Structure formats: C-alpha cells, structure tokens
Amino acid sequence: FIDDMNLPYVETYGTQNSIALLTQHMQYGSIFDRTDLGMRKNLVDIQYIAAMNPTAGSFEVCERCQRHFATFAVAMPSQSDLSTIF
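Residues numbered from 1 in each chain as written. Predicted model: local features only at pLDDT ≥ 70, side-chain atom pairs only at ≥ 80, totals over all residues. Heavy atoms only, no water.

## Section: the overall build of the protein chain
Line of reasoning, step 1. For the protein chain, the count of helices and strands is 3 helices and 2 strands.
Line of reasoning, step 2. Mapped in sequence order, the helices and strands of the protein chain form the string α-β-β-α-α.
Line of reasoning, step 3. Rg of the C-alpha trace for the protein chain: 17 Å, well past the compact-globule value of 12 Å for 86 residues, more than 25% over.
Line of reasoning, step 4. When its C-alpha atoms are laid out on the principal axes, the protein chain stretches across 60 × 35 × 20 Å.
Line of reasoning, step 5. Looking at the protein chain as a whole, 15% of its 86 residues qualify as buried.
Line of reasoning, step 6. When the accessible surface of the protein chain is totalled, it reaches about 7200 Å², and 56% of it is carbon and sulfur.
Line of reasoning, step 7. Across the protein chain, the centroid of the 5 positively charged side chains sits 12 Å from that of the 9 negatively charged ones. (Helix = DSSP H or I, 4+ residues; strand = E, 2+ residues; numbered from the N terminus. Rg over C-alpha atoms; globule rule 2.2 N^0.38 Å. Buried < 20%, exposed > 50% of the residue type's maximum accessible area, 1.4 Å probe, protein only. Areas by Shrake-Rupley, 256 points an atom, 1.4 Å probe, with all protein chains shown as cover. Lys, Arg positive; Asp, Glu negative; His and termini not counted. Charge placed at Lys NZ, Arg CZ, Asp CG, Glu CD.)

Structure below.
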C-alpha cells in the first residue's frame, strides 16, 4: 500500500524520484542494483494500491505512473452515513 502518493518533493524538472522508481518497476518489472549497475533485479508478483492526500502535496502525479492505476475519487461520507455504516 502506498499512502500519500502525491507527497514526494517535485524537482525543478517536474519529476518525483520515488514515483519515477515506482514507475520504472511497473513498466519494466525490474530495477537496477545500485552497487552493480550491470545487474537487474526482477521483482515479480507485486500489486500496488495507492492513496493520495487531498489536502497536502503536489495534487498531481506523473501521468506515466498514473496510467498503471484505476483512478477513483471518493468523498468523505457524511456523519449520518457513518452512523448507518457503523
């Protein structure tokens, strides 16, 4: 679970390093080893679920990453709805 996906710092060029690494894995299924750049690590059988904070952060996520997710906007339920549920 990725919580607050929109909070990483946006650099001068509009990228978010942690989101770029996540996108690389979702597109290619592997990442490079930092100590041996000739070796790729394959990460398999991983599912991602993410949430964004609606009150803080950059309020947007890179389109290259967002295309890997089904996007849903859910409003906070009212007090009467919460009473009905719980």
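On we go from here.
## Let's talk about the confidence of the model for the protein chain
Line of reasoning, step 1. Taken as a whole, the protein chain shows an average pLDDT of 85; of its residues, 99% reach a score of 70 or greater.
Line of reasoning, step 2. Here helix α2 (residues 63–66) stands out as the least confident element of the protein chain, with mean pLDDT 85; strand β2 (residues 40–42) is the most confident, with 89. (pLDDT = per-residue confidence, 0-100.)

## Focus on helix α1 (residues 17–28)
Line of reasoning, step 1. Taking 1.5 Å per residue as the helical rise, α1 with its 12 residues ought to reach 16 Å, and the 16 Å between its terminal C-alpha atoms agrees with that figure.
Line of reasoning, step 2. Those residues of α1 that fall on the buried side of the exposure criterion are Ile19, Leu22, Thr23, His25 and Met26. An end-on view of α1 places all buried positions within 160 degrees of arc, on one side of the element. Among the exposed residues of α1, those pointing more than 90 degrees away from its buried face are Asn17 and Tyr28.
Line of reasoning, step 3. After α1 finishes, the residue glycine 29 shows a positive phi value of roughly 75 degrees. (Expected span 1.5 Å × (residues − 1). Arc of directions from axis to C-beta.)

## Some remarks on the nonpolar core
Line of reasoning, step 1. Formed by Met5, Ile19, Leu22, Met26, Val61 and Cys65, the largest nonpolar core amounts to 6 residues.
Line of reasoning, step 2. With 3 residues, α1 is the largest single contributor of residues to this core.
Line of reasoning, step 3. The contacts of leucine 22, once residues within four sequence positions are left out, are Ile2, Met5, Tyr48 and Cys65. (Core = buried A, V, L, I, M, F, W, Y, C linked by side-chain atoms within 4.5 Å. Contact = heavy atoms within 4.5 Å.)

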